[in-house]
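These are the residues of each chain, in order.
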Amino acid sequence: MTARRRYSGPHLPCTSYMEKEKLWILGCGDLGARLALQLNRQEYSIYGMRRNPLVALATKRRADVVNWRRGDATKKRDIERLLADGADVILATFTPDEYSHGGYCRAYVDTANALAEALPNLPRPPRLLIWVSSTRVYGQSGDEFLDERTPPLPNSFQGDMQLAAEEIIGNAVPTTCVVRFAGIYGPGRDRLLSQVRAGRCAPSQPPQYSNRIHVDDAIGFLIHLMEKHKRGWSPEKLYIGADSMPVPMHDLQQWLVKAMGYTSAHLREIVQTSERRSKKLSNERMLASGYELKYPDYKVGYSALLESEG
């Protein structure tokens, strides 16, 4: 006689028994909203903090993915109020409200100070804090590759403010990770394509090396850090986020003009770019973490971007 099986209810996946982690994205803008769309919503509850959430909603950043909250990240009390129930991961992705010393100070130094002061007052520290910075902190130039061990020497107020913020936030929680992204490009971030369409080009000599990363890889690397840390891995304190091929700006623009269907004669206006010193950035530490770039160089990345534009 076959024993009757006892009914124990419907079979549920293991994730049903897992409590969702709370991800707070401070200064949640384009990068944060794109990241939210890539996360598994069965594993994360995602909250976005902005001074004016209506701006995010007006730009069609999806309210069903991000729980928008009004708050000023330069104010310690706002951070304490919104994060009173705790946060498992904090991702800080700030953008200056104006291109000035004061704008950069508010976006980076003031928010870093407020966050560093607020975190000890939370019911529990986040397991991971990721602070998005920029390779502007490297003001030096030359043919040698720069990496995370290279002392940053900013040569602009933008780099000064971002480096100051890094130093403030660096020890805010036991696991704080700073990611210095090179220039981010991709859908909606196509300033270089606009320059080429306008016929503007950097000089061929001396070579002005530039560095970049596709927005999908910027997001992918941030998620990679979050997911690996959740499994017990300890990230480095600092990463450079860039693709694997620094390239002279002139060479990149010459390649783009052909890929876009123009002749070389289209690039008729030579534009000096002395504000951004020529430099080569190494992404070896990022790759050593196990992350695999979707777009390892500008040719792959811009080809996909141009194809998506039709």
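Residues numbered from 1 in each chain as written. Predicted model: local features only at pLDDT ≥ 70, side-chain atom pairs only at ≥ 80, totals over all residues. Heavy atoms only, no water.

### With respect to the overall build of the protein chain
Then comes step 1: When helices and strands are tallied, the protein chain shows 10 helices and 15 strands.
Then comes step 2: The proportion of buried residues among the 310 residues of the protein chain is 51%.
Then comes step 3: Taking the contacts inside the protein chain whose residues are at least 6 apart along the sequence as the reference set, 76% of them involve residues at least 24 apart. (Helix = DSSP H or I, 4+ residues; strand = E, 2+ residues; numbered from the N terminus. Buried < 20%, exposed > 50% of the residue type's maximum accessible area, 1.4 Å probe, protein only. Contact = heavy atoms within 4.5 Å.)

### Points about the pattern of salt bridges
Then comes step 1: All told, the structure shown has 16 salt bridges when counted by the stated rule.
Then comes step 2: Between R81 and D78 there is a salt bridge, with its nearest N and O atoms 3.7 Å apart. Residue R81 and its partner D78 are both found in helix α3 (residues 76-82); the two are separated by three residues, about one turn of the helix.
Then comes step 3: What makes R81 partly exposed here is its relative accessible area of 48%.
Then comes step 4: Of the charged contacts in the structure, one is a salt bridge between R124 and D88, with a shortest N-O distance of 3.1 Å. On the criterion of sequence distance, the pair formed by R124 in the loop between α4 (101-118) and β5 (128-134) and D88 in the loop between α3 and β4 (89-92) is long-range, its members being 36 residues apart.
Then comes step 5: Overall, the relative accessible area of 35% leaves R124 in the partly exposed class.
Then comes step 6: A relative accessible area of 13% places D88 in the buried class. (Salt bridge = Lys/Arg side-chain N within 4 Å of Asp/Glu carboxyl O.)

### Comments concerning the packing of helix α8 (residues 249-259) against helix α10 (residues 298-309)
Then comes step 1: Running from amino to carboxyl end, α8 crosses α10 at an angle of 35 degrees, the nearest separation of the two axes being 11 Å. α10 is crossed by α8, and the crossing has right-handed handedness. Here α8 contributes L252, W255, L256 and A259 to the contact with α10, which in turn contributes Y298, K299, Y302, S303 and L306.
Then comes step 2: Looking at the contact of α8 with α10 residue by residue, the class counts come to seven nonpolar, one polar and one charged. (Axes fitted to C-alpha atoms, helices over the stretch in contact; angles between N-to-C directions. Left-handed = near helix turned anticlockwise from the far one by under 90°. Nonpolar A, V, L, I, M, F, W, Y, C, P; charged D, E, K, R; others polar.)

### A closer look at α8
Since the α-helix packs 3.6 residues into each turn, any two residues three or four apart lie on the same face.
Then comes step 1: Within α8 the residues assigned to the buried category are M249, H250, L252, Q253, L256 and V257. Seen along its axis, α8 keeps its buried residues to an arc of 160 degrees; they face one direction.
Then comes step 2: Buried-residue contacts for α8 involve α6 (191-197), β9 (200-201), β10 (209-210), β11 (212-214), β13 (247-248) and α10.
Then comes step 3: Phi turns positive, to about 90 degrees, at G261, one or two residues after α8. (Arc of directions from axis to C-beta.)

### Considering the confidence of the model for the protein chain
Reading fine detail from the predicted coordinates is not recommended where pLDDT is low.
Then comes step 1: Here the protein chain averages 89 in pLDDT, while 89% of its residues score no lower than 70.
Then comes step 2: Overall, residues 1-16 carries pLDDT values under 50, and its contacts beyond four positions in sequence, including any with other chains, amount to two contacts. (pLDDT = per-residue confidence, 0-100.)

### Focus: the nonpolar core
Then comes step 1: In terms of nonpolar packing, the biggest core is built from 33 residues, with L23, L35, I46 and L222 touching the most fellow members.
Then comes step 2: When residues of this core are traced back to their parent elements, those giving at least two are β1 (21-26), α1 (30-38), β2 (44-50), β4, β5, β7 (176-181) and α7 (215-230).
Then comes step 3: Counting residues per element, this core draws most heavily on α7, at eight residues.
Then comes step 4: Formed by 30 residues, the second largest nonpolar core is a distinct cluster that contains W24, L26, A165 and I169. (Core = buried A, V, L, I, M, F, W, Y, C linked by side-chain atoms within 4.5 Å.)

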